[in-house]
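In case you want the letters, here they are:
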Amino acid sequence: DPAAVATATGITATAAMGGTVISALVVGRLSRRVAPRWILAASLPAAAVAATLIPQAATIPTLLAAWALFGLTAGATTPAIFAWMGRLATGSSGAYALLATVNMLDFAIGPAVMGQASVYSLTLPFYLAAASTLVAAFVVVFTGPRDPSRRPTMSSPLPIEREIDR
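Parameters at a glance
Within each chain, residue numbers correspond to sequence positions counted from 1 in written order. For this predicted model, a pLDDT threshold of at least 70 governs which residues receive local features, and a threshold of 80 or more governs which side-chain atom pairs are given and counted, while totals over whole chains, interfaces and linings are taken from all residues. Here the side-chain values reflect all heavy atoms present in the structure, with hydrogen atoms and water set aside. Under the scheme used here, helices are H or I runs from DSSP no shorter than 4 residues and strands are E runs no shorter than 2 residues, and both carry numbers assigned from the N terminus. The cut-offs for exposure are 20% and 50% of the maximum accessible area for each residue type, with area from a 1.4 Å probe on protein chains only; residues under the lower value are buried, those over the upper are exposed, and the others partly exposed. Residues are treated as being in contact if the distance between any of their heavy atoms lies within 4.5 Å. To estimate how far a helix should extend, the number of its residues minus one is multiplied by 1.5 Å. When we speak of the arc, we mean the arc of directions from the helix axis to the C-beta atoms. Side-chain rings of Phe, Tyr and Trp (the six-membered ring for Trp) are treated as a pair once their centres are within 6.5 Å; stacked means planes under 30 degrees apart, edge-to-face means over 60, and tilted covers the remaining angles. Here, a charge over a ring is recorded when the distance from Lys NZ or Arg CZ to the ring centre is within 6 Å and its angle to the ring normal is within 35 degrees. Angular values range over 0 to 180 degrees, each being the angle between N-to-C directions of two axes fitted as lines to C-alpha atoms, with helices fitted over their stretch in contact. Each angle receives one of four descriptions, namely roughly parallel if under 35 degrees, roughly antiparallel if over 145, roughly perpendicular if within 65 to 115, and oblique otherwise. Whether a crossing is left-handed or right-handed is set by the direction in which the near helix is turned from the far one by less than a right angle, anticlockwise for left-handed and clockwise for right-handed. Classification convention: Asp, Glu, Lys, Arg as charged; Ala, Val, Leu, Ile, Met, Phe, Trp, Tyr, Cys, Pro as nonpolar; all other residues, Gly among them, as polar. Like charges are joined within 9 Å and nonpolar side chains (Val, Leu, Ile, Met, Phe, Trp, Tyr) within 5 Å, but only among residues with over 30% relative accessible area and no salt bridge; these make up the patches. Only the protein chains shown count as cover for residues, and all accessible areas are computed by the Shrake-Rupley method using a 1.4 Å probe. Salt bridges are defined by distance alone: a side-chain nitrogen of Lys or Arg within 4 Å of a carboxyl oxygen of Asp or Glu. In this description, a nonpolar core means a group of buried Ala, Val, Leu, Ile, Met, Phe, Trp, Tyr and Cys residues linked to one another through side-chain atoms lying within 4.5 Å.

A. Seen up close, the overall build of the chain. Secondary structure summary: the chain contains six helices and zero strands in total. Ordered by position in the sequence, the α and β elements of the chain form the string α-α-α-α-α-α. Residue burial in the chain is summarised as follows: out of 166 residues, 27% are buried. A fraction of 76% describes how many contacts in the chain between residues 6 or more apart in sequence connect residues 24 or more apart.

Encoded structure:
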């Protein structure tokens, strides 16, 4: 029934986006107190698990839960990446330029790679996403740059916030 499929798709998308928004609000604030690198070290493997659960879901409630978990991890990842890059970009925009470049490459290359993978199997893109997320987690934990000693807290705003407050 097309109506049931459309309803399930809408509810699933809402669960994923709801998880993303809630997580981004909470983790965005938390990223200022805790080293964002360690938030990434936790959220990226959780995203990989969620990506592998999605094609395994046998029921609609399981699928909703898997997409909600994926949304929560996506919402945790984005603010942590920006907080980490903000700490690394001391006086230059090099880190932000790198982040923007990687982000645009993801939007350009991701659909092409995942579209080609879906030709072979509809579940393969999820497993490729999980694998690339685990690689990113490895890079963050073991080879990524360390957080600088400057650690803003909730009571000490970031430099950009001081500029806005003036």
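B. Here's a closer look at helix H5 (residues 124-143). Between its terminal C-alpha atoms H5 stretches 27 Å, which fits the 28 Å expected from 20 residues at 1.5 Å a residue. By the burial criterion, the buried members of H5 are Pro125, Ala130, Thr133, Ala137, Val140 and Val141. Projected down its long axis, H5 carries its buried residues within an arc of 140°, all on one side. With respect to the buried face of H5, the exposed residues turned more than 90 degrees away are Val135, Phe142 and Thr143.

C. Geometry of the packing of aromatic side chains. In total, this model carries three aromatic pairs according to the counting rule given. On the basis of an interplanar angle of 75° and a centroid distance of 6.2 Å, the ring pair of Trp67 and Phe126 is categorised as edge-to-face. Of this pair, Trp67 sits in helix H3 (residues 60-88) while Phe126 is found in helix H5, placing the two residues 59 residues apart along the sequence. Taking relative accessible area as the criterion, Trp67 reaches 23% and is therefore assigned partly exposed. Cluster of aromatic residues (ring-pair linked, three or more members): Trp67, Phe70 and Phe126. When the ring centre of Trp38 is taken as origin, the NZ or CZ atom of Arg37, which lies over that ring, is 4.6 Å away.

D. Geometry of the side chain of Thr12. Structurally, the position occupied by Thr12 is in helix H1 (residues 2-30). On the accessibility criterion, Thr12 (9% relative accessible area) is buried. Residue contacts for Thr12: discarding those within four places in its chain leaves Leu63, Leu64 and Trp67.

E. Structural view of the packing of helix H2 (residues 36-56) against H5. With their axes 8 Å apart at the nearest point, H2 and H5 run at an angle of 165° to one another. By the criterion of interaxial angle, the relationship of H2 to H5 is roughly antiparallel. For H2 against H5, the interelement crossing comes out left-handed. Of the residues contributing to the contact of H2 with H5, the split by class is 18 nonpolar, three polar and one charged.

F. Geometry of a nonpolar patch on the surface. On the surface, a nonpolar cluster with roughly 800 Å² of combined accessible area is contributed by Met17, Val21, Ile22, Leu25, Val26, Val49, Leu53, Leu69 and Leu72. Mapped by element, the contributors of at least two residues to the nonpolar patch are H1, H2 and H3. With respect to the helices and strands, the residue Leu53 is situated in helix H2. Residue Leu53 is classed as partly exposed on the basis of its relative accessible area of 38%.

G. Molecular detail of the nonpolar core. In terms of nonpolar packing, the biggest core is built from nine residues, these being Val27, Ile39, Leu40, Leu44, Ala76, Ala80, Trp84, Ala137 and Val140. Secondary structure elements with two or more residues in this core: H2, H3 and H5. Apart from residues lying up to four places away in sequence, Ala137 is in contact with Leu44 and Pro45.

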